[in-house]
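# Summary of structural features
Listed below, chain by chain, are the residues.
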Amino acid sequence: MSAAPEPRPSNFLRDIIAEDVESNKHGGRVQTRFPPEPNGYLHIGHAKAICLDFGLADEFGGHTNLRFDDTNPEREDLEYVESIKNDVNWLGFKWDGLYYASDYFGQLYEWAIELIKAGKAYVDDLTAEEVPKYRGSLTEPGKNSPYRNRSVEENLNLFERMRAGEFPDGSRVLRAKIDMSSPNLNMRDPVMYRILHAEHHRTGNTWPIYPMYDFAHGQSDSLEKVTHSMCSLEFADHQPLYNWFIEQLGIFPSRQIEFDRLSLTYTMMSKRKLRQLVEEGRVNGWDDPRMPTLSGMRRRGYTPEAIRNFVKAAGVSRTNGIVELAMLEHFVREDLNKNALRVMAVLRPLKIVIDNYPENQVEEMDAVNNPEDPSAGTRKVPFSRVLYIEQDDFREEPPKGYFRLSPGREVRLRYGYFITAKSVVKNDDGEVVEVHCTYDPTTRGGNAPDGRKVKSTIHWVSAAHAIDAEVRVYETLFSKENPDEVDEGGDFTENLNPLSLEVIANAKLEPSLAKAPVGGRYQFERLGYFCVDPDSVDQDSKPGKRVFNRTVALKDTWAKVEKKQKS
RNA sequence: UGGGCCGUCGACUAAUGGUAGGUCAAGUGCCUUUGGAGCACUUUGUCUAGGUUCGAAUCCUAGCGGCCCAGCCA
């Protein structure tokens, strides 16, 4: 038997790494890192970086560190580092080393002094307002700061006093002496250190000065002997600076490689704006199931496997594309279809009375737990005279192409009997509140001995045995493909979808769900995938009451047909 | 109008000078005790104009279009 054709390395990152391994660069060693700033929760965009950093290293027998880029104490918090660790683990990855940029503050400080001594860095007294003026513009070169040519001794003295905490915030900075006329703004004497009398979540008050990203990231990579430092495209302009510090310091030459961020339709990926949604109460926290955060998706019922498959399928390049949300949902359905247990649940109950079914009889019907997985077995579902079906599954006047229950029409109750609608009971508003049916006792289990067919099978629950549940049905958080697309002077919050959350308070579930664990994922037959929300544990006052989140709806061909008929 | 990066089906992504392929979406049919799933089939693409070459999505030139950069954020 011949082996399957060798799959070609399928993206440019893998090609670069494969080439380096091939040429025995760094002895064939591969070391990567995932470097989040702990200033928010991880989102699906980070999942791409995580899959790349960990996945590629793993493919080449390499290692991956988790490193917190905690150089700005004002926005960072321990809550975020804990959530990040949790999310990386949940996604299915294990880091080799766990580091913090703040671990390197001492070393970074020494390196800054080294650069000062070499005449490559200087203390600048320009104010925060003056610095940008001296920097020039996109089209005009900058000009040197009047403090640029201070002596090494003066710079050393000033920098040591900065470190000692003698100066107020913002009064001075340490800058690299490079080239104020460089076409790359990042090379116009970039700031290396700023004065910040702020308490750091790990180093406390030991440092009144903090290194900037550019003076911390490359060196941190270098200290960890990172061979391939992958980051997103907007850092491409920083690469010359990344290399400059490494070269001036003569340290391990980590290499930065940029790739495109993941963008999704109907999804906001800016951490700043996500934080705004949380702080303004537009959503119920970072883990609101409508959020694109990993914690939100976890709560929504997305699986790590589905997210990984999606990220892999979406691929990586250097273009600025937007992936359709439908693609993510496809991989969520694909995974859940294989693994989620099937159950029957009625979201909007309509009472059905089977007039010719014995009053006090209860039958236990056999139901398949997962048609995709015979090993999942079967379960018993109670059947009785009074049932609930979905309101959508009955129409007094059925439109063309409608196969479900309507007066005189016979349909199959899943795992039950064939029933025929006979009459309806209406309320004062003329709404159908009860449907009276008859059943054919010879069709138990769903087959007619005479071989007659029905066009539709609908789900149901026994009214006497059903348990109550609250079901939260989600739509996209934003009603525009691009949430940032707003009119002049507008704000992205205008694009928030007012229908993104619908709470159904009185859904009816088959009794087996009474013991569904928090986080448990199910397919409600014909409706979609749902999972048990953590809020269910607060239901002590109402034993058996559950809260479910709709993860994603099933593909609905009838809905599509109906929509088309309307238009 | 400085510099950097990038333009392949509706979306994402392969093809590394030699058959433009895959996934999602869309559509058609089959099947079905979920109008689910599955199976089969179909539609649509190399930004434009030149050039090099036996041969160009790929290399060159010019244009056009998009994204990023002027934080003491990352």
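Residues numbered from 1 in each chain as written. Chains lettered and ligands numbered in written order. Predicted model: local features only at pLDDT ≥ 70, side-chain atom pairs only at ≥ 80, totals over all residues. Heavy atoms only, no water.

Okay, empty space enclosed by the protein next. Counted under the stated rule, the structure contains one cavity of 30 Å³ or more. Forming the walls of the largest cavity are Tyr213, Asp214, His217, Gly218, His238, Tyr242 and Gln256. Looking at the lining of the largest cavity residue by residue, the classes come out as two nonpolar, four polar and one charged. (1 Å grid on protein atoms, 1.4 Å probe; cavity = no way out; pocket = protein on both sides within 12 Å on 5 of 7 lines; lining within 4 Å. Points joined across faces, edges and corners; volume = space filled by probe spheres on them. Nonpolar A, V, L, I, M, F, W, Y, C, P; charged D, E, K, R; others polar.)

Turning to a negative patch on the surface, a few remarks are in order. A grouping of Glu324, Glu481, Glu485, Asp487, Glu488, Asp491 and Glu494 is seen on the molecular surface, where their side chains present a negatively charged patch. Checked against the element boundaries, Glu324 lands in the loop between α11 (304–314) and α12 (325–339). What makes Glu324 exposed here is its relative accessible area of 57%. (Patch = residues over 30% accessible without salt bridge, like charges linked within 9 Å, V, L, I, M, F, W, Y side chains within 5 Å. Areas by Shrake-Rupley, 256 points an atom, 1.4 Å probe, with all protein chains shown as cover. Salt bridge = Lys/Arg side-chain N within 4 Å of Asp/Glu carboxyl O. Lys, Arg positive; Asp, Glu negative; His and termini not counted. Charge placed at Lys NZ, Arg CZ, Asp CG, Glu CD. Helix = DSSP H or I, 4+ residues; strand = E, 2+ residues; numbered from the N terminus. Buried < 20%, exposed > 50% of the residue type's maximum accessible area, 1.4 Å probe, protein only.)

Our focus in this paragraph is the nonpolar core. With 47 residues, the main nonpolar core has Ile44, Ile307 and Phe310 as its most contacted residues. By residue number, the principal contributor to this core is helix α2 (residues 44–59), which donates nine residues. Each of domain 1 (12–101 + 216–262) and domain 3 (275–341 + 468–563) gives at least three residues to this core. If we skip the residues at most four places from it in the chain, Ile44 touches Leu262, Leu264, Met269, Pro292, Leu294, Met297, Ile307 and Phe310. (Core = buried A, V, L, I, M, F, W, Y, C linked by side-chain atoms within 4.5 Å. Domains from an automatic or database assignment. Contact = heavy atoms within 4.5 Å.)

A separate point is the sheet that holds strand β16 (residues 410–413). Pairing in this open sheet of seven strands is mixed, and the strands run β19-β16-β17-β18-β12-β15-β20 from one edge to the other. At either end of the open sheet lies a strand with only one pairing partner, and these are β19 (457–458) and β20 (460–462). Pairing geometry for strand β12 (residues 349–354) and strand β15 (residues 386–390), over five bridges, is antiparallel. Residue pairing across strands places Pro349 opposite Glu390, the latter belonging to β15. (Pairing = 2+ DSSP bridges.)

A few words on the side chain of Asn11. One can find Asn11 in the segment before α1 (12–22). Residue Asn11 is classed as buried on the basis of its relative accessible area of 12%. Within the local environment of Asn11, its side chain forms a polar contact with the backbone nitrogen of Leu13, the two atoms lying 2.9 Å apart. (Polar contact = N/O pair within 3.5 Å; in protein donor to acceptor, adjacent residues only side chain to side chain.)

Segmenting chain A into domains produces domain 1 (12–101 + 216–262), domain 2 (105–214), domain 3 (275–341 + 468–563) and domain 4 (345–459). Between domain 1 and domain 4, the C-alpha centre-to-centre distance is 56 Å.

Moving on, we come to the protein's contact with RNA strand B. Contacts to RNA strand B come from 70 residues, most closely from Asp15, Ala314, Gly445, Gln523 and Thr557. Expressed as a percentage, the sugar and phosphate content of the atoms of RNA strand B within 4 Å of the protein is 63%. In the model, a phosphate oxygen of RNA strand B is placed 3.1 Å from a nitrogen or oxygen of the Thr319 side chain. The set of elements that each furnish at least two residues to the surface near RNA strand B consists of α5 (130–135), β6 (191–195), α12 and α13 (557–566). Broken down by element, the residue count for the surface near RNA strand B peaks at five residues, all from α12. Here the surface near RNA strand B is built from residues that sort into 25 nonpolar, 22 polar and 23 charged. (Near = heavy atom within 4 Å.)

Glancing now at α1. For α1, the full list of buried residues reads Leu13, Arg14, Ile16, Ile17 and Asp20. Angularly, the buried residues of α1 cover 160 degrees about the axis, an arc narrow enough to put them on a single face. For α1, the exposed residues lying more than 90 degrees away from the buried face are Glu19 and Glu22. Check the buried side of α1 and you find it contacts α2, β8 (228–232) and β9 (255–259). Between the side-chain oxygen at the start of α1 and the backbone nitrogen of Leu13 there is a gap of 2.9 Å, and the oxygen is on Asn11. Of the residues one or two after α1, Asn24 is the one with positive phi, at around 65 degrees. (Arc of directions from axis to C-beta.)

Within the fold, Tyr439 resides in strand β18 (residues 432–439). Here Tyr439 falls in the buried class, since its relative accessible area comes to 11%. Sequence spacing of Tyr439 and Phe418 is 21 residues, and the spatial spacing of their C-alpha atoms is 5.8 Å. Apart from residues no more than four positions distant in its own chain, Tyr439 is found in contact with Ile354, Asn356, Tyr357, Pro358, Tyr417, Phe418 and Ile419.

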